[in-house]
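So you can see what is in the structure, the chains are spelled out below.
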Amino acid sequence: MKKRSFIKIIAIFLCCCLSTGILVFAEDISQAAANDKIAANLSVKLSSQSNDESFFVYVYFNNDASEVLSTMKLEHADLYATYTQAQSSEILRSENNSESVAVLQELSTNDFATLQEAIETKRQLYSKYYLEQTTATLAKYCTAKSVQYVSSYAPMAIVSVTASELKEMALDPTITKLSLFENKQASVSGLANGNLTSRANV
């Protein structure tokens, strides 16, 4: 009986050690992934920063907005059909090329107006999606006052955070990259006032 009890105790001990090892390994992987999100310029800043000192950072989010087109298809079926038809005929894909000008000129006034409406509707839906997703994620880590700028047409924001807050943000799977705000061409207040804007891909 004593031998069996001893073997059982050893087995339980080994299981506990194995479980602990797995948890530590998983935590190491998670931390390594978080560290990969932090840009080199931000890593340098963190090395000389106290945990409670604030600084400005760019925060980039997961760009998976596939549900936007699903919403457009559901709520704006006609415009969605116009948009997808234009995409398939390369009108939108070549929008910035000189060749596209001739293609667009061949459209009737009504067709052109409808296409423009479809593009604008898509942009508005993306803007709403990015704003909702970005603010929801940021609310978990910082106050509204700390949010200096949120792009309307791209999954990006500029926030004021402490080193400890930033390390927590790096662990969030919806955040893909963090880098130090070093824009010498425009101040953060300038961004907030719309002096620099991001545009959705059409």
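Nothing here was measured: the structure is a model prediction, and the numbers come from that model.

(A) A look at the confidence of the model for the protein. Of the residues in the protein, 62% reach a pLDDT of 70 or more, and the chain-wide mean stands at 74. A low-confidence stretch, residues 18–30 stays under pLDDT 50, and its non-local contacts, those more than four residues away or across chains, total one contact.

(B) Spatial organisation of the packing of aromatic side chains. In total, this model carries five aromatic pairs according to the counting rule given. Between Y129 and Y130, the ring centres sit 5.9 Å apart and the planes meet at 65 degrees, which makes this aromatic pair edge-to-face. Aromatic rings pair up to connect F56, Y58, Y60 and F181 into one cluster.

(C) Representation of the pairing of strand β2 (residues 147–150) in the model. As paired strands, β2 and strand β3 (residues 156–162) are joined by three bridges and run antiparallel to one another. Each residue of the ladder has a partner; that of Y149, found in β3, is I158.

(D) Structural detail: helix α7 (residues 163–170). Looking only at α7, the buried set comprises A163, L166, M169 and A170. The arc enclosing the buried residues of α7, seen along the axis, measures out at 115 degrees, which places them on a common side.

(E) Structural context of the sheet that holds β2. Spatial ordering of the open sheet is given by β2-β3-β1-β4, a layout of four strands whose pairing is antiparallel. Every interior strand has two partners, whereas the edge strands, β2 and β4 (175–180), have only one. Looking at each pair of strands side by side, their axes are set apart by 25 degrees on average, direction ignored. Two strands pair when backbone bridges link them, and strand β1 (residues 54–61) and β3 are joined in this way by seven bridges, in the antiparallel orientation. The partner of F56 across the bridge, within β3, is S160. Across the sheet, helix α2 (residues 40–47) is in contact with β1 and β4; its angle to β4 comes to roughly 65 degrees. Contacting β1, β3 and β4, α7 runs over the sheet at an angle of about 135 degrees to β3.

(F) Local environment of the pattern of salt bridges. Evaluated as defined, the whole model comprises one salt bridge. A salt bridge links K140 to D172, with the shortest nitrogen-to-oxygen separation between them at 3.1 Å. One end of the pair, K140, is in the loop between α6 (109–138) and β2; the other, D172, is in the loop between α7 and β4, with 32 residues separating them in the sequence. Owing to a relative accessible area of 54%, K140 belongs among the exposed residues under this scheme. D172 sits in the buried class, given a relative accessible area of 4%.

(G) Spatial organisation of the nonpolar core. Residues L42, L166, M169 and L178 are the most contacted members of the largest nonpolar core, which totals 22 residues. Once residues within four sequence positions are removed from consideration, L42 is found in contact with F55, V57, L166, L178, S179 and L180. If you look at the next biggest cluster of nonpolar residues, it comprises ten residues, including A65, V68, L79 and A118.

(H) Here's a closer look at the side chain of T134. With respect to the secondary-structure elements, T134 resides in helix α6. Residue classification places T134 among the buried residues on the basis of a relative accessible area of 1%. Within the structure, the side chain of T134 is placed 2.7 Å from the backbone oxygen of Y130, a separation counted as a polar contact. Excluding residues that lie within four positions of it along the chain, T134 makes contacts with F61, V150 and A157.

Parameters and conventions
Residues numbered from 1 in each chain as written. Predicted model: local features only at pLDDT ≥ 70, side-chain atom pairs only at ≥ 80, totals over all residues. Heavy atoms only, no water. pLDDT = per-residue confidence, 0-100. Contact = heavy atoms within 4.5 Å. Phe/Tyr/Trp six-rings, centres within 6.5 Å; stacked < 30°, edge-to-face > 60°. Pairing = 2+ DSSP bridges. Helix = DSSP H or I, 4+ residues; strand = E, 2+ residues; numbered from the N terminus. Buried < 20%, exposed > 50% of the residue type's maximum accessible area, 1.4 Å probe, protein only. Arc of directions from axis to C-beta. Axes fitted to C-alpha atoms, helices over the stretch in contact; angles between N-to-C directions. Salt bridge = Lys/Arg side-chain N within 4 Å of Asp/Glu carboxyl O. Core = buried A, V, L, I, M, F, W, Y, C linked by side-chain atoms within 4.5 Å. Polar contact = N/O pair within 3.5 Å; in protein donor to acceptor, adjacent residues only side chain to side chain.

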